[in-house]
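So the chains spell out like this:
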Amino acid sequence: MPKENKISEANELTDKLVSINRVAKVVKGGRRFGFAALVVVGDTKGRVGFGTGKAREVPEAIKKATDQAKNKLVRIPLKEGRTIHHDIKGQHGASKVILRAAPPGTGIIAGGPMRAVFETLGVQDVVSKSIGSSSPYNMVRATFNGLINIQSPRNIASRRGIKVSSIFGKKKEFDKDKSESIDKNKEATKNDEMTSGKAKSNQLKNKKSVSDKKKLKSK
């Protein structure tokens, strides 16, 4: 039974080759050339991992990287199964990434290595920006650094020892107070406009009456 579970999990996983480089090792007789691969693996349902591998041949390097990525899968909480819960920053070395939650229909706005991570993770709507080094290795690690630090409302509620509904309840109350204050401000501005309009009309009436009196006197 465990073997069957492993086979089914392996079939569910999708992998993407992010980059492959030719590398050289200097030895006594000259150089030995090989290949280094970077692969991202995920189940498109909230689990993702990355791995690196080196070998003399390309397929072997990719296989090593894929196996390592499968062993390093991590679960990331997703909002409605399509985007991240909140905006977050990630950093690794000289690479910095900014990840932002997006409304439905936005799509994946990301480049190269970051796009591969989001597609294998199962994210459908996200806006991201890479700052600094554009090395695929650093960008993938920075993206994972940001994703691992994402907190879902359920995690926060369990840590505080309260219900998830109470977190959202406070937010609703805050939104209500905010809307009430906005309405009050609108009413106050309307009243100010009304009073200012009345004052202007009174001034115009006074000016007209004065001008009419002057005309009568001149006649």
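Trainee: Can you break down the overall build of the protein chain residue by residue, with the values?
Mentor: Scanning the protein chain from terminus to terminus reveals six helices and eight strands. Listed by position from the N terminus, the elements making up the protein chain come as α-β-β-β-α-β-β-β-β-α-β-α-α-α. Intrachain contacts of the protein chain at a sequence separation of at least 6 include 55% that bridge at least 24 residues. Of the accessible surface of the protein chain, which amounts to about 15,000 Å², a share of 53% is contributed by carbon and sulfur atoms.

Trainee: Summarise the side chain of Thr83; cite the residues concerned and give the values.
Mentor: The residue Thr83 is located in the loop between β4 (74-75) and β5 (88-92) in this model. Engagement of the side chain of Thr83 in a polar contact is seen with the backbone nitrogen of Ala102, the distance being 3.4 Å. Engagement of the side chain of Thr83 in a polar contact is seen with the backbone oxygen of Asp125, the distance being 2.6 Å. If near-sequence neighbours (up to four positions away) are discounted, Thr83 is found in contact with Leu78, Ala101, Ala102, Val123 and Asp125.

Trainee: Explain the side chain of Ser152 to me, using residue names and the numbers behind them.
Mentor: Summarising the element assignment, Ser152 is placed in the loop between α4 (136-148) and α5 (153-160). Filtering out sequence-adjacent residues up to four positions away, Ser152 remains in contact with Pro77 and His85.

Trainee: Describe unusual backbone geometry, listing the residues and the values that go with them.
Mentor: Unlike most non-glycine residues, Thr44 shows phi in positive territory, near 60°. Assignment of secondary structure puts Thr44 in the loop between β2 (30-42) and β3 (47-55). For Thr44, a relative accessible area of 38% gives the class partly exposed. The phi torsion at Glu80 lies on the positive side, around 60°, for a residue other than glycine. Relative to the elements of secondary structure, Glu80 occurs in the loop between β4 and β5. What makes Glu80 exposed here is its relative accessible area of 62%.

Parameters at a glance
Residues numbered from 1 in each chain as written. Predicted model: local features only at pLDDT ≥ 70, side-chain atom pairs only at ≥ 80, totals over all residues. Heavy atoms only, no water. Helix = DSSP H or I, 4+ residues; strand = E, 2+ residues; numbered from the N terminus. Contact = heavy atoms within 4.5 Å. Areas by Shrake-Rupley, 256 points an atom, 1.4 Å probe, with all protein chains shown as cover. Polar contact = N/O pair within 3.5 Å; in protein donor to acceptor, adjacent residues only side chain to side chain. Buried < 20%, exposed > 50% of the residue type's maximum accessible area, 1.4 Å probe, protein only.

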